[in-house]
Amino acid sequence: MSTTQAVASLQAEVTRLRHELQTLKVEDQVPAIGDQIYIGQYLVERLVQLGVTQMFGVPGDFNLGFLDFVEDHPKMQWVGNCNELNAAYAADGYARVKEGSLGVVTTTFGVGELSATNGIAGAFSEHVPVLHLVGSPSTVQQKEKPMLHHTLGDGRYDAYFQASKQFTWTQASLTSKDTAAAEIDRVLTECVVMARPVYLMLPTDLAYEKISSKRLQTPINSEPPANDPDVENFVLDEIVKLANHAQHETIILVDACAIRHTVKKEVEELYRRTGFPVYAAPMGKTAVNEQYERYGGIYVGSLSSPEIKEKVESAKLILSIGGLKSDFNTGNFTYSIPTGRTVEFHSDHIKVQFAGFPGIGMKRLLPKLTARLQPFADEAKLLSVPKYTLPIPQEDGDVITQSYLWPRVGKFFKNHDIIVAETGTSSFGVLDIPMPTGAMFLSQILWGSIGWTVGSTLGAALAGRDIGMGRTILFVGDGSLQLTVQELSTMVRSGVTPIIFVLNNEGYTIERYLHGMNRKYNDIVNWKWTSLLTVLGGTEGKTCQSYTVRTKKEISALLDDPKFAAADKIQLVEIIMQRLDAPRALKHQAELSGLTNRYVA
């Protein structure tokens, strides 16, 4: 690191600490809810202030006392899950839909929290703000270290806390009522500002200690730290110079962190006021209104359609916003956009060609950049943007193929639907569908934990209900659903009504294409899929409805049925598909991944 970069990094850290101090500042105001409050109540109130209405998790003896505060709060609902992994997935899905808020998963010490860790790690990987709240033994027990249940039996009461450091942005183990409120505020601030999961241990005795409620009068500061004005102006000048050099050949490429760090509105203002063509990476799908006339489609390196690939890679300047350049998000690292023609915008730094500017965040910079680039609008419109469409193919035969299914269900989608696609066949298939206005696309493309979508659909549907979204629609493979199927029962109990399309193609199709096309380890037991909802608590025809479709005619008729489309009850559709059929992009990705994995006989 150069001296200049070191100084810039230090300045960025100073700015961050000033931001934290602003968060912790307490105004001298009269408390509104009484002078004293239990620490457990304080935490719930803070979450409610941040827009949280649902808390996911599994009860355990070290969190039961705290859960009384949750259940008794008029604005907070406890969503009891079937296991902690599913609860973490649900909190992840909730946070993705309820942008600007966070998801919360509550577990018990040791056995519960370790079960949730996969879900927390996925949230960390994909920049999703989730609070992992752990009910822990009392402060006295942690000090005296008896051989307590849920411990490792060797006195290491901090083992799980130490493990959490690998998968969360920041952590706190509450030890004193004097510092509890400040620690809670610090952890929650980091969660929402950094858009990463955080970890908080709440001992059984501290949950019932009383503290002053005065801090609650000062809202948590969820805005990102301010940019250094001199550095910011320099960055703006440099970008404008590059735009002048590119003339009208500038494009915008939007990715996942534009969603996670809540800059979708700023990005929309940028592309509408400048007229620059706008594209999205797979993880950034629906960050842009896909019905906008100058939206060109999904760019995924060598897997892109030829027209999109040519338009993106020939641009003289690419404004890359919120990029996460993972293998599946870049066509196995086949992006062909040179650094010398790229400006990268991130939540905590900007990169202009080869120069990095730490501490300069995109949230505050983008509106100023829009004002500087707006004069380019007339010239920008000279660059044509072919409208990307996905027509339904004319095929012989009535078997439901991958090439038919995805454009056909695309016609079924409506404005403001939430579409959730499982890792594998579903996520690759949905990717090319132009989404209607206001729709939200959820998929775990970087972490890629199969089964994630089932718990996530529960959280997404509850968040969608809160903010007035439309239907929640899940596409999941038969293999993936078997991992987390229990959460269908929580959906029934919670009264959400997603439509669940189960792709029955006899096993793990994406794994077959990666390796072992006909190996038994990629096979699964074929469940009686249309019996699941009734087994898990639904009443067929009343609270749930299940279908099996085997032909194009059958699925088309179902999709055209107004009663089905109304989604007034939870519905499961088993789609019978060919065992080795797969979307085009999945096949190509598997070829590239196979070369990387280098499996040999």
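This is a predicted model, so every value here is computed, not measured.

Draft legend 1. Highlighting the packing of helix α15 (residues 402-410) against helix α22 (residues 552-559). Where α15 meets α22, the closest approach of the two axes is 11 Å, and the angle between their N-to-C directions is 15°. Here α15 lies roughly parallel to α22, going by the angle between them. Crossing angle aside, the handedness with which α15 passes α22 is right-handed. Counted together, Y404, L405, R408 and V409 of α15 and K552, I555, S556 and L559 of α22 form the full contact between these two elements. Partitioned by chemical class, the residues of the contact of α15 with α22 number 5 nonpolar, 1 polar and 2 charged.

Draft legend 2. Summary view of the nonpolar core. Of all hydrophobic cores here, the largest spans 79 residues; its most connected members are F345, F501 and I575. With 7 residues, helix α9 (residues 229-246) is the largest single contributor of residues to this core. Here this core spans two domains, and each of domain 2 (229-381) and domain 3 (402-596) adds at least three residues to it. Contact partners of F345, with chain neighbours within four places excluded, come to I239, L319, S320, I321, G322, G323, I350, M362, L365, L366 and L369. Grouped together as the second largest cluster of nonpolar side chains are 43 residues, A88, A123, L481 and I570 included.

Draft legend 3. Seen up close, helix α17 (residues 452-467). Helix length check: α17 (16 residues) gives 22 Å between terminal C-alpha atoms against 22 Å at 1.5 Å per residue, within 8%. Buried residues dominate α17, accounting for 13 of its 16 residues. One or two positions beyond α17, positive phi appears at G468, with a value near 80°.

Draft legend 4. Layout of helix α11 (residues 264-274). The complete set of buried residues in α11 reads E266, V267, L270, Y271 and T274. Taken end-on, α11 shows its buried residues confined to a sector of 125°, consistent with a single buried face. Tucked into the core, α11 has its buried residues touching β9 (250-254), α10 (256-260), β10 (278-280), β12 (317-321), α13 (362-373) and α14 (377-380). A positive backbone phi angle near 80° is found at G275, which sits one or two residues after α11.

Draft legend 5. Examining the pairing of strand β3 (residues 77-80) more closely. By the bridge criterion, 4 bridges tie strand β2 (residues 54-57) to β3 in an arrangement that is parallel. Bridged to F56 within β3 is V79. Between the parallel pair β2 and β3, the chain is carried across by helix α3 (residues 64-72), and the sense of this crossover is right-handed.

Draft legend 6. Region of interest: the UniProt feature "binding site: Mg(2+)" (unreviewed entry) in the protein chain. Per the UniProt annotation, the sites labelled "binding site: Mg(2+)" (unreviewed entry) are D478, N505 and G507. The greatest C-alpha distance among the residues just named is 7.1 Å, despite their covering 30 residues of sequence, which places them together in space. Inspection of the secondary structure assignment puts D478 in helix α18 (residues 478-484). Relative accessible area serves as the criterion here: at 1%, D478 is assigned to the buried category.

Draft legend 7. Focus on the domain arrangement of the protein chain. Its domain assignment divides the protein chain into domain 1 (36-217), domain 2 (229-381) and domain 3 (402-596). A combined buried area of about 720 Å² lies between domain 1 and domain 2, and 54% of that area is made up of carbon and sulfur atoms. Inspection of the domain 1/domain 2 interface yields 2 salt bridges. Close ionic contact of E99 with K264 constitutes a salt bridge, the shortest N to O distance being 3.1 Å. Our count for the contact surface shared by domain 1 and domain 2 stands at 3 residue pairs in polar contact (both at pLDDT 80 or more). Counted by class, the side of domain 1 that touches domain 2 contains 4 nonpolar, 2 polar and 3 charged residues.

The rules behind each value
- Residues numbered from 1 in each chain as written.
- Predicted model: local features only at pLDDT ≥ 70, side-chain atom pairs only at ≥ 80, totals over all residues.
- Heavy atoms only, no water.
- Axes fitted to C-alpha atoms, helices over the stretch in contact; angles between N-to-C directions.
- Helix = DSSP H or I, 4+ residues; strand = E, 2+ residues; numbered from the N terminus.
- Parallel < 35°, antiparallel > 145°, perpendicular 65-115°, else oblique.
- Left-handed = near helix turned anticlockwise from the far one by under 90°.
- Contact = heavy atoms within 4.5 Å.
- Nonpolar A, V, L, I, M, F, W, Y, C, P; charged D, E, K, R; others polar.
- Core = buried A, V, L, I, M, F, W, Y, C linked by side-chain atoms within 4.5 Å.
- Buried < 20%, exposed > 50% of the residue type's maximum accessible area, 1.4 Å probe, protein only.
- Domains from an automatic or database assignment.
- Expected span 1.5 Å × (residues − 1).
- Arc of directions from axis to C-beta.
- Pairing = 2+ DSSP bridges.
- Right-handed = clockwise from strand over helix to strand, strands pointing away.
- UniProt positions renumbered as here; feature names shortened; annotations may be inferred.
- Buried area = accessible area lost by both parts, 1.4 Å probe.
- Salt bridge = Lys/Arg side-chain N within 4 Å of Asp/Glu carboxyl O.
- Polar contact = N/O pair within 3.5 Å; in protein donor to acceptor, adjacent residues only side chain to side chain.

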